[in-house]
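Chain by chain, the residues run as shown.
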Amino acid sequence: MFCRREVIVASSVIACEVVKVVCALLLLARYGNLKKLFKEWTLVGALTASGLPAAIYALQNSLLQIAYTNLDCLTFSILNQTKLFFTAFFTTLY
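The present account deals with the structure reproduced in this document. Just so we're clear, the structure is a prediction, and the values are computed from it rather than from any experiment.

## A short note on the pattern of salt bridges
- Overall, the coordinates contain one salt bridge when judged by the stated rule.
- E17 is paired through a salt bridge with K20; the nearest N and O atoms lie 3.2 Å apart. With E17 and K20 both in helix α1 (residues 9-30), this residue pair falls three residues apart, about one helical turn.
- Residue classification places E17 among the partly exposed residues on the basis of a relative accessible area of 25%.

Structure (structure tokens):
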């Protein structure tokens, strides 16, 4: 089993997001874009570009953890794999 059923959802989601931020910063630093990014960064620009998608993604991660604790393995796996299909579908509509 991936993790115990008694996992704290908020802690799991926050840990996942922290790992993603660290990986993104390491990749930016590796390719030399980190200083340029910090010079051009503004709070309003960041919130405009990524505020709503980030909130939806965080909600999705929380719901994913709740589903993991309440669904059987097969149902959870099938629902989790449909994310790719729906992402591709709605991307073509946009």
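## Brief notes about the state of the cysteines
- Applying the stated rule across the entire model yields zero disulfides.
- Unpaired in this structure, C23 has its nearest cysteine sulfur neighbour in C16, at a distance of 9.8 Å.

## Re the packing of aromatic side chains
- The tally for this structure, following the rule as stated, stands at five aromatic pairs.
- Aromatic pair F85 and F89: ring centres 6.4 Å apart, planes at 15°, arrangement stacked. Of this pair, F85 and F89 both sit in helix α4 (residues 73-93), four residues apart, roughly one helical turn.
- Through a chain of ring-to-ring contacts, three or more aromatic side chains come together here, namely F85, F86, F89 and F90.
- Its end group placed over the ring of Y31, R30 keeps NZ or CZ at 5.4 Å from the ring centre.

## Quick look at the environment of C73
- With respect to the helices, strands and loops of the structure, C73 is situated in helix α4.
- Judged by relative accessible area, which is 56%, C73 ranks as exposed.

Criteria and thresholds
Residues numbered from 1 in each chain as written. Predicted model: local features only at pLDDT ≥ 70, side-chain atom pairs only at ≥ 80, totals over all residues. Heavy atoms only, no water. Salt bridge = Lys/Arg side-chain N within 4 Å of Asp/Glu carboxyl O. Helix = DSSP H or I, 4+ residues; strand = E, 2+ residues; numbered from the N terminus. Buried < 20%, exposed > 50% of the residue type's maximum accessible area, 1.4 Å probe, protein only. Disulfide = S-S within 2.5 Å. Phe/Tyr/Trp six-rings, centres within 6.5 Å; stacked < 30°, edge-to-face > 60°. Lys NZ or Arg CZ within 6 Å of the ring centre and 35° of its normal.

Shape is all these values report; function is a separate question.
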